[in-house]
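Understanding the architecture of this molecule
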Amino acid sequence: QVQLVESGGGLVQPGESLRLSCKGSGLTFSLYDMRWYRQAPGKERELVAGISSAADSTNYVDSVKGRFTVSRDNTRNTVYLQMNSLHREDTAVYYCYAKFRTLEYWGRGTQVTVSS
């Protein structure tokens, strides 16, 4: 059974940092492109960042460029999202997503709340 389990969310003040982790199990993690999505209340889910299976390519939504960094450790079956200089607008549930050919899996999400 494939599982993606996110962790690292929480409540922080504007300008602070968080690092999200997503650990995969039940899949050959190194084959999968990984993405982070987020969904804020009343909004559609949006792609935040992605990283290729070999970590040789990354991409980001414009609103997080220069503040967020996606990385992965295939030896630990884990993908990370380092989030710096957090804004109130970054408040959302953050989801991990894995894709390899026609196979795709979602995690259950972790809440990030940015508030003073």
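The text that follows walks through the structure, step by step, so that each part is easy to find. Just so you know, these numbers come straight off a predicted model, no measurement behind them. (Residues numbered from 1 in each chain as written. Predicted model: local features only at pLDDT ≥ 70, side-chain atom pairs only at ≥ 80, totals over all residues. Heavy atoms only, no water.)

With 27 residues, the main nonpolar core has Met34, Trp36, Val79, Leu81, Met83 and Tyr94 as its most contacted residues. Going through the elements one at a time, strand S3 (18–25), strand S4 (33–39), strand S5 (46–51), strand S7 (68–73), strand S8 (78–83), strand S9 (92–100) and strand S11 (110–114) are the ones with two or more residues in this core. Ranked by residues supplied to this core, first place goes to S9 with four residues. Excluding its chain neighbours within four sequence positions, the residues that come into contact with leucine 81 are Leu18, Arg19, Leu20, Trp36, Val48, Ala49, Phe68, Thr69, Val70 and Tyr94. (Core = buried A, V, L, I, M, F, W, Y, C linked by side-chain atoms within 4.5 Å. Buried < 20%, exposed > 50% of the residue type's maximum accessible area, 1.4 Å probe, protein only. Helix = DSSP H or I, 4+ residues; strand = E, 2+ residues; numbered from the N terminus. Contact = heavy atoms within 4.5 Å.)

Turning to unusual backbone geometry, a few remarks are in order. Its identity as a non-glycine residue notwithstanding, asparagine 77 has a phi of 55°, on the positive side. Mapped onto the secondary structure, asparagine 77 falls in the loop between S7 and S8. Of note, the phi angle at serine 85 is positive, near 50°, even though the residue is not glycine. Take serine 85: it is sitting in the loop between S8 and S9.

Now for the side chain of glutamate 6. You can see glutamate 6 is positioned in strand S1 (residues 3–7). Comment: no salt bridge for buried glutamate 6; closest opposite-charge side chain is arginine 108, at 7.7 Å. In terms of polar contacts, glutamate 6 uses its side chain to reach the backbone amide nitrogen of glycine 109, at 2.9 Å. Apart from residues no more than four positions distant in its own chain, glutamate 6 is found in contact with Ser21, Cys22, Trp36, Tyr94, Tyr95, Cys96, Gly107, Arg108, Gly109 and Thr110. (Lys, Arg positive; Asp, Glu negative; His and termini not counted. Salt bridge = Lys/Arg side-chain N within 4 Å of Asp/Glu carboxyl O. Polar contact = N/O pair within 3.5 Å; in protein donor to acceptor, adjacent residues only side chain to side chain.)

Interpretation in functional terms is not warranted from these geometric data alone.
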